[in-house]
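# Coordinates in review
Listed here are the chains, written in short residue letters.
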Amino acid sequence: MNNNLKAWEDLLCFAYRAFQIPIRKSKSESLARLVKQNIKNLNDPNIDDHPSHNPQRSSLSSRVEAKVSEGDVRGAVKLLLSTDSLAKDDEVTYNLLKEKHPQPSRQLIFPKEPDETTIAMTTTEEILLTQISLFHNGSAAGIDGISPQHLKDLTATTNGDAGKKLIGSLTKLTNLMLSGKVNKDICTILYGARLIALTKKDKGIQPIAVGSTYRRLTARVACKEVREPTGSYLKPKQIGFSIKGGCEAAVHACRTYIKNNKGSRNVILKIDFKNTFNSVERDEMLKNIRLKSPSIYPFMWQCYSSPSILFFGNDQIMSEVGAQQGDPCGPLAFSLIIQPIIENLLSELNIWYLDDGTLGGHPDTVLNDLKLIIEECRNIGLEINPSKCELFFCGDRIESVVQDFEAISAGIKIVTDDLELLGAPISEGSEGKLILKKHNELKVMFERLDHLNCHTAYFLLKTCFTVPRLTYLLRTSSCFRHNNHLKSIDDDVKQTFESITNCRLNDEKWSKVSMPIRFGGMGIRKCEDIALPAFFCSSNSVINLVTLMLPNISDETMIADYTDALNEWSLVSESLPDLFVSVPIFVKHTNAFVVI
């Protein structure tokens with residue numbers, strides 16, 4: 001395989017030269033013929049001068065329907081939900097983006113460069129095909145114009161020998177990148193990214209970096225290699241990388257901890273950092289990767305030992321600090337760098353999802369841990385964001401404790417009934433409020449569905465905007481205690497379904513519609529029916545992980561709210577689910593069938 005600059009230029013410019021389509025003179029003119037003509041003339045220096053014809057869809061409904069037709073359901077949902085907008089491509093935005101990508105806070109001392117004694121991982125064609133297939137439909141292209149969908153289409157089995165030849169070449173390319181032997185003169189571009197700026201609700205700027213598909217594919221392969229050993233090393237304190245059900249376990253553990261310590265002096269502290277992923281110093285990242293994941297060290301060394309270029313329109317920003325946004329290895333690198341700090345904390349509750357930390361324990365212990373975090377994180381480039389940190393009292397508020405935390409984290413927020421963790425309610429008063437918030441979001445989506453054709457609207461309603469949209473909330477909280485709110489959501493779903501299908505349904509017909517498809521229904525499940533089984537399923541699936549997070553948990557204490565759920569279940573079934581054995585149960589509940 002050639003590794004010279006000319007070979008890399010041909011690879012990175014291929015999409016622009018091959019897929020550059022001029023405005024067709026007539027609709028009958030074949031796109032395939034035009035692409036083949038471009039490929040035949042790849043070395044023609046004038047091919048880049050052809051203007052592309054890329055009409056913009058003016059309406060939201062057109063763009064959503066286009067996403068669905070392409071199989072990009074995730075993208076369609078994001079369009080319907082989005083309140084962000086593209087920031088202007090001007091000097092103000094450029095300067096804000098530069099602030100988001102600072103220079104190192106100190107002189108960096110990198111570990112030694114990989115040499116011939118470093119054993120780099122390699123991959124196979126089978127693994128690469130699997131990782132290509134796992135890209136989400138509609139994933140964006142990087143600076144080279146090649147998107148994951150291009151690779152999916154070109155390596156499909158229907159392409160015969162051509163597809164097999166391509167996957168062989170891609171495997172060689174991936175192994176070259178994993179070995180860390182890519183031509184150094186191209187690394188700043190290959191490991192750079194296309195930068196997009198979004199305007200957030202608070203008028204701030206959210207940078208979105210889209211790296212090369214080849215780099216993202218290689219990073220996915222690298223993560224798969226170290227997934228299991230790294231997950232075992234991080235568990236149970238860190239659940240942001242390779243921990244199945246980690247978010248749900250963290251929510252259940254935190255709520256259970258508060259329940260078991262209700263009325264005590266203990267506190268819960270939620271920690272937030274400023275500009276986290278763009279602030280971690282890269283020498284510390286590479287030191288921890290070399291120590292804990294040496295097989296991917298050569299690849300990560302080439303990615304992060306030198307600055308890379310972020311392309312924002314016609315401007316460039318040098319990326320010198322932190323893990324690149326969108327890099328599949330970013331969560332891995334960040335988790336490894338903060339693990340030594342987390343292991344030294346003494347709080348009884350110590351759970352982290354990437355940069356979202358949650359500590360619980362006696363105020364003095366938690367305060368000392370916060371001091372340690374501030375001091376140690378300063379050495380790796382991280383800084384606490386006091387205004388987004390939250391303090392919750394398991395018992396009565398103690399002013400002296402508030403003053404102690406204010407002294408080292410001025411502006412910390414004192415939370416009473418609105419405590420949330422990872423998007424789920426923790427305190428009793430926050431459940432109803434969060435359900436109402438989700439209901440209001442659903443109402444906006446239901447209104448927008450009216451503007452889509454009935455087939456697309458029905459598909460999105462069934463697969464995205466009913467129970468699927470609320471599954472995480474139903475699994476992680478006792479929503480079954482708020483049947484009035486759930487029934488209100490179900491009523492709105494029914495009205496939306498009737499509007500889409502132009503049919504009016506009585507209660508009996510609506511109950512049949514809400515049954516699973518395999519039982520003759522249409523799969524539009526009722527939140528009121530699913531809430532209780534969903535909570536049981538989540539509790540059963542994460543109990544072992546929760547037990548690791550809270551060593552003092554016992555059969556008597558169980559997961560918070562589990563006893564209430566059992567009592568509720570006893571009203572509809574004589575057979576009670578076992579906390580430690582998840583067994584399928586089929587019962588009739590509120591005129592609909594439920595399977596857990």
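Residues numbered from 1 in each chain as written. Predicted model: local features only at pLDDT ≥ 70, side-chain atom pairs only at ≥ 80, totals over all residues. Heavy atoms only, no water.

A few words on the overall build of the chain. When helices and strands are counted, the chain shows 23 helices and 14 strands. Whereas a compact globule of 596 residues would reach a radius of gyration of roughly 25 Å, the chain reaches 26 Å, a difference of no more than 12%. The C-alpha extent of the chain, read off along each of the three principal axes, is 75 × 65 × 45 Å. For the chain, with 596 residues in total, the buried portion stands at 49%. Approximately 29100 Å² of the chain is accessible, and the part contributed by carbon and sulfur atoms is 51%. (Helix = DSSP H or I, 4+ residues; strand = E, 2+ residues; numbered from the N terminus. Rg over C-alpha atoms; globule rule 2.2 N^0.38 Å. Buried < 20%, exposed > 50% of the residue type's maximum accessible area, 1.4 Å probe, protein only. Areas by Shrake-Rupley, 256 points an atom, 1.4 Å probe, with all protein chains shown as cover.)

This brings us to the packing of helix H12 (residues 282–292) against helix H13 (residues 297–304). Running from N to C, H12 and H13 cross one another at 175 degrees; their axes reach a closest spacing of 10 Å. What the angle tells us is that H12 and H13 run roughly antiparallel. Contacts between H12 and H13 involve Arg282, Met285, Leu286, Ile289 and Arg290 from the former and Tyr297, Met300, Trp301 and Tyr304 from the latter. Here the contact of H12 with H13 is built from residues that sort into seven nonpolar, no polar and two charged. (Axes fitted to C-alpha atoms, helices over the stretch in contact; angles between N-to-C directions. Parallel < 35°, antiparallel > 145°, perpendicular 65-115°, else oblique. Contact = heavy atoms within 4.5 Å. Nonpolar A, V, L, I, M, F, W, Y, C, P; charged D, E, K, R; others polar.)

Take the nonpolar core next. Residues Val182, Ile271, Phe299, Met300, Trp352, Ile373 and Phe405 are the most contacted members of the largest nonpolar core, which totals 75 residues. With residues near it in sequence (within four places) discarded, Phe405 still touches Leu269, Pro363, Val366, Leu367, Leu370, Leu391 and Ile412. Residues Val64, Val77, Met445 and Leu566 belong to the second largest nonpolar core, which totals 44 residues. (Core = buried A, V, L, I, M, F, W, Y, C linked by side-chain atoms within 4.5 Å.)

Right, let's get into the confidence of the model for the chain. Per-residue confidence for the chain averages 85 on the pLDDT scale, and 90% of its residues sit at or above 70. pLDDT under 50 marks residues 47–58. Its contacts with residues more than four places away, or in other chains, come to 20 contacts. Below a pLDDT of 50 lies the segment residues 580–596, which in the model reaches 41 contacts outside its immediate sequence neighbourhood of four places, other chains included. (pLDDT = per-residue confidence, 0-100.)

By secondary structure assignment, the location of Phe535 is in helix H22 (residues 527–549). Residue class for Phe535 comes out buried when judged on its relative accessible area of 0%. Sequence separation between Phe535 and Leu128 is 407 residues; the distance between their C-alpha atoms is 37 Å. Those residues in contact with Phe535 that lie beyond four places of it in its chain are His252, Leu474, Arg475, Ser477, Ser478, Phe480, Ala560, Asp561, Tyr562 and Ala565.

Another point: the environment of Lys201. Tracing the backbone shows Lys201 in the loop between strand E2 (193–199) and strand E3 (205–211). By relative accessible area, Lys201 is classed as exposed at 71%. The spatial distance from the C-alpha of Lys201 to the C-alpha of Ala531 is 31 Å, given a sequence separation of 330 residues.

Across the seven residues of E3, five count as buried, placing the element largely inside the fold. Alignment of E2 against E3, held across seven bridges, turns out to be antiparallel. Bridged to Leu198 within E3 is Gln206. (Pairing = 2+ DSSP bridges.)

Along strand E4 (residues 267–271), five of the five residues are buried, which leaves the element largely enclosed by surrounding structure. Burial of the side chains of E4 extends over both faces: Val267, Leu269 and Ile271 are buried on one face and Ile268 and Lys270 on the other. As defined by bridge partners, E4 adjoins strand E8 (residues 356–361) across five bridges and the pair is classed as antiparallel. Within E8, the position partnered with Val267 by the bridge is Gly361. With four bridges connecting them, E4 and strand E9 (residues 390–393) associate as antiparallel partners. The residue of E9 that forms the bridge with Ile268 is Phe392.

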